[in-house]
Amino acid sequence: TSWMAAPLLAEIATRWIADGTLTSMLDYQRGQFRRRNEIARRLLAGLDFVSSPSGMHVWLRLPPSWHSVDFVAHARHDRVAVAGSNNFDLSGELRNTAIRICLGGVSERRRSEGLRTISLLAHGTAVPAALAI
């Protein structure tokens, strides 16, 4: 256990702040996520989604025929991991009508393949999730 930040890490962070390294790293990351969001906007065209221009996630509102639990199961069957809105919805407003798509963690090629799969699923006809197991 620790009661404070490790002194070496605090020193590194202080130097990065002072010499501009931290700002440079943040600018780079924001640029990467802006690019990833542009790709997501292109591949999810025609679907109802929201994202921040440099955000790490996209929220896709599912067509009325889909329930997020079924969509997540079908996406997983197609080797794409997404999270259903039920995992995040404390208010009950989303009522399993959306999914969260993470834009990090994989190669650009794999991310684009996953977004294409999500788009095809969302444009397709919903079937019971038991078929996707």
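Anything mentioned here points back to the structure above.
Quantities reported herein were computed from a predicted structural model and do not represent experimental measurements.

A. The overall build of the chain, seen in detail. Helix and strand counts for the chain stand at 4 helices and 4 strands. Moving toward the C terminus, one meets the helices and strands of the chain in the order α-α-β-β-α-β-β-α. Over its C-alpha atoms the chain spans a radius of gyration of 19 Å, topping by over 25% the 14 Å that the globule rule assigns to 133 residues. Viewed in the frame of its principal axes, the chain has a C-alpha envelope of about 55 × 35 × 25 Å. The proportion of buried residues among the 133 residues of the chain is 31%. Residue pairs in contact within the chain that sit at least 24 positions apart in sequence constitute 58% of those at least 6 positions apart. Of the charged side chains in the chain, 16 are positive and 11 negative, and the gap between their average positions amounts to 4 Å.

B. Structural context of the sheet that holds strand 2 (residues 57-61). Reading across the sheet, the 4 strands line up as 1-2-4-3 and stay open at both edges, with antiparallel pairing between neighbours. Across the chains shown, the open sheet's two edge strands, defined by having one partner strand only, are strand 1 (48-51) and strand 3 (83-84). Direction of pairing for strand 3 relative to strand 4 (residues 98-102): antiparallel, over a ladder of 2 bridges. Each bridged residue has a counterpart across the sheet, and for Ala 83 the counterpart in strand 4 is Arg 100. This element, helix 2 (residues 21-43), spans strand 1 and strand 2 of the sheet and lies at about 175° to strand 1. Contacts from helix 3 (residues 68-77) reach strand 3 and strand 4 within the one sheet, and its direction differs from that of strand 4 by about 40°.

Rules behind the numbers
- Residues numbered from 1 in each chain as written.
- Predicted model: local features only at pLDDT ≥ 70, side-chain atom pairs only at ≥ 80, totals over all residues.
- Heavy atoms only, no water.
- Helix = DSSP H or I, 4+ residues; strand = E, 2+ residues; numbered from the N terminus.
- Rg over C-alpha atoms; globule rule 2.2 N^0.38 Å.
- Buried < 20%, exposed > 50% of the residue type's maximum accessible area, 1.4 Å probe, protein only.
- Contact = heavy atoms within 4.5 Å.
- Lys, Arg positive; Asp, Glu negative; His and termini not counted.
- Charge placed at Lys NZ, Arg CZ, Asp CG, Glu CD.
- Pairing = 2+ DSSP bridges.
- Axes fitted to C-alpha atoms, helices over the stretch in contact; angles between N-to-C directions.

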